[in-house]
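Each chain, letter by letter, is given below.
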Amino acid sequence: MIEKIKETAAYLKSKVPVMPKTAIILGTGLGELVTHITDKQEIPYNEIPNFPVSTVEGHSGKLIFGKLGKKDIMAMQGRFHYYEGYDMKQVTFPVRVMKELGIETLFVSNAAGGMNPNFSVGDIMIIRDHINLFPEHPLHGKNFEELGVRFPDMSEAYSKKLIDKALEVAAKNNIKVQQGVYVGTQGPTFETPAEYRYFHIIGGDAVGMSTVPEVIVARHAGMDVFAVSVITDLGVEGIVEKASHEEVQKAAAEAQPKMTLIMKELVEQF
Ligand code: HPA
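In this text the structure is predicted, and so the values were computed from the model without any measurement.

A. Spatial organisation of the overall build of the protein chain. Per the secondary structure count, the protein chain includes 6 helices and 9 strands. In terms of overall dimensions, the protein chain is globule-like: its C-alpha atoms have a radius of gyration of 18 Å, near the 18 Å expected for 270 residues. Projected onto its principal axes, the C-alpha positions of the protein chain cover 55 × 40 × 40 Å. Within the protein chain, contacts between residues separated by at least 24 positions form 82% of all contacts whose residues are at least 6 apart in sequence. When the accessible surface of the protein chain is totalled, it reaches about 12200 Å², and 52% of it is carbon and sulfur. Here the protein chain carries 28 positive and 34 negative side-chain charges, and the mean point of each set is 6 Å from the other.

So this is what it looks like as structure tokens:
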């Protein structure tokens, strides 16, 4: 695994003149951020050695190196989901490569279903903590001390400093944000009403099918993490609505300007 990580990082270093210290995983609701990146250099995943091969035709995704304001950044446009059939080492491989490239801070976004009765569709939730319900752990198996410790601390998976800064940015721009606990599940089914209820009872505010694996590996590697969800549908008791991919995309698109503004300012300023 280590050789593969080093090989991929060496390839990217040979292509990109300036290595950033900041990376962004552009999930649903943050695609538009790409239009704010300047001095762009794009590298399609299928040209990157050892990157997982996309299962979806014409939907391979790419790494984008460039600037957000004055900050050098790299962005993943398109992520690897567990439900697509990748194992957890593949899902999190790009985060390993980020660390090898010198990334210190990781920003992540996703779409999620809200269980908290105070949430509405279109809300933005800053993730304060998570509950990992994926059936496979990204650190399962032999631990490589070069990558991180065997038993990583997770008491502050999401940087309090970055959360405080994000709250400041949101307040300054009059953007209402929620905060809460993200439950990571394998999907690809949305939840039954009983499952939404269960996830709320155990302490979850929103549920989605990504982010937790990448965050675990980023923390194992010692990176600081900030993550946000856009609430695209509700799994609140009594008002569980029918959820669909189209609806998720639509709600995420509507929340996109708020999400983009917060992320952009936060990345530029922190
Ligand atoms: N459940 C799981 N994943 C999701 C949801 C949901 O309700 N909405 C968007 N991603």
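B. Region of interest: the environment of Ala 10. Looking at where Ala 10 falls in the secondary structure, it is placed in helix α1 (residues 2-15). Residue class for Ala 10 comes out partly exposed when judged on its relative accessible area of 45%. Each C-alpha atom of the pair Ala 10 and Lys 258 lies 36 Å from the other, and the pair is 248 residues apart in sequence.

C. Highlighting α1. In this model α1 runs 20 Å from its N-terminal to its C-terminal C-alpha over 14 residues, within 8% of the 20 Å that 1.5 Å per residue would give. Ile 2, Ile 5, Thr 8, Ala 9, Tyr 11 and Leu 12 are the residues of α1 that are buried. Summarising the contacts, the buried residues of α1 are in contact with β2 (38-44), β3 (62-68) and α2 (88-101).

D. Quick look at the packing of helix α3 (residues 160-172) against helix α6 (residues 245-269). In the contact formed by α3 and α6, the axes pass within 9 Å of each other and the chain directions differ by 125°. With respect to α6, the axis of α3 lies oblique. Crossing of α3 against α6: the hand is right-handed. Contacts from Leu 162, Lys 165, Ala 166, Val 169, Ala 170 and Lys 172 of α3 reach α6 at Ile 262, Glu 265, Leu 266 and Gln 269.

E. Quick look at the site of the ligand. All residues adjacent to the ligand are Ala 111, Ala 112, Gly 113, Phe 190, Glu 191, Tyr 196, Val 207, Gly 208, Met 209, Thr 232, Asp 233 and Val 248. Contact distances for the ligand include 3.4 Å between a nitrogen atom and a backbone N or O atom of Ala 111. Note that a nitrogen atom of the ligand is positioned 3.3 Å from one of the backbone N or O atoms of Gly 113. Contact with the protein chains removes 96% of the 260 Å² of surface that the ligand exposes when unbound. The leading source of residues in the shell around the ligand is strand β5 (residues 105-114), at 3 residues.

F. Structural view of the pattern of salt bridges. In this structure the tally under the stated criterion is 10 salt bridges. We note a salt bridge from Glu 237 to Arg 197, for which the minimum N-O separation is 3.8 Å. Here the residue Glu 237 occupies a position in the loop between β9 (224-234) and α6, and Arg 197 occupies one in helix α4 (residues 193-201), the gap between them amounting to 40 residues. Among the ionic pairs, Lys 250 bridges to Glu 254, the shortest N-O distance being 3.7 Å.

G. Main features of unusual backbone geometry. Cis geometry is adopted by the peptide bond preceding Pro 188, which originates at Gly 187 and carries an omega value of 0°. A positive phi angle is found at Thr 211, which is not glycine, with a value near 70°. Within the secondary structure layout, Thr 211 lies in the loop between β8 (206-208) and α5 (212-220).

H. Structural context of the pairing of β3. Within β3, 5 of the 7 residues are buried, which leaves the element mostly enclosed by the surrounding structure. Direction of pairing for β2 relative to β3: antiparallel, over a ladder of 5 bridges. If you follow Pro 44 over to β3, its bridge partner there is Lys 62. Where β3 meets strand β4 (residues 71-77), 7 bridges bridge the pair, whose relative direction is antiparallel. Paired with Lys 62 across the bridge in β4 is Gln 77.

I. Looking closely at the nonpolar core. Counting residues in each nonpolar core, the largest one holds 83 residues, and the members touching the most others are Leu 12, Ile 24, Leu 63, Met 98 and Phe 226. Here Ile 24 is in contact with Leu 30, Leu 33, Leu 68, Ile 73, Met 74, Ala 75, Met 76, Phe 107 and Val 267, once residues within four sequence places are set aside. Core analysis: the next-biggest nonpolar cluster, separate from the first, contains 5 residues, Met 115, Tyr 196, Phe 199 and Val 207 among them.

J. Local environment of the side chain of Thr 211. Given the relative accessible area of 0%, Thr 211 is considered buried. A polar contact of 3.4 Å, which involves the side chain of Thr 211, links it to the side chain of Arg 79. The residues touching Thr 211, leaving out its near neighbours within four places in the chain, are Arg 79, Val 108, Ser 109, Asn 110, Ile 127, Tyr 158, Tyr 182 and Ala 227.

What counts and what doesn't
Residues numbered from 1 in each chain as written. Predicted model: local features only at pLDDT ≥ 70, side-chain atom pairs only at ≥ 80, totals over all residues. Heavy atoms only, no water. Helix = DSSP H or I, 4+ residues; strand = E, 2+ residues; numbered from the N terminus. Rg over C-alpha atoms; globule rule 2.2 N^0.38 Å. Contact = heavy atoms within 4.5 Å. Areas by Shrake-Rupley, 256 points an atom, 1.4 Å probe, with all protein chains shown as cover. Lys, Arg positive; Asp, Glu negative; His and termini not counted. Charge placed at Lys NZ, Arg CZ, Asp CG, Glu CD. Buried < 20%, exposed > 50% of the residue type's maximum accessible area, 1.4 Å probe, protein only. Expected span 1.5 Å × (residues − 1). Axes fitted to C-alpha atoms, helices over the stretch in contact; angles between N-to-C directions. Parallel < 35°, antiparallel > 145°, perpendicular 65-115°, else oblique. Left-handed = near helix turned anticlockwise from the far one by under 90°. Near = heavy atom within 4 Å. Polar contact = N/O pair within 3.5 Å; in protein donor to acceptor, adjacent residues only side chain to side chain. Salt bridge = Lys/Arg side-chain N within 4 Å of Asp/Glu carboxyl O. Pairing = 2+ DSSP bridges. Core = buried A, V, L, I, M, F, W, Y, C linked by side-chain atoms within 4.5 Å.

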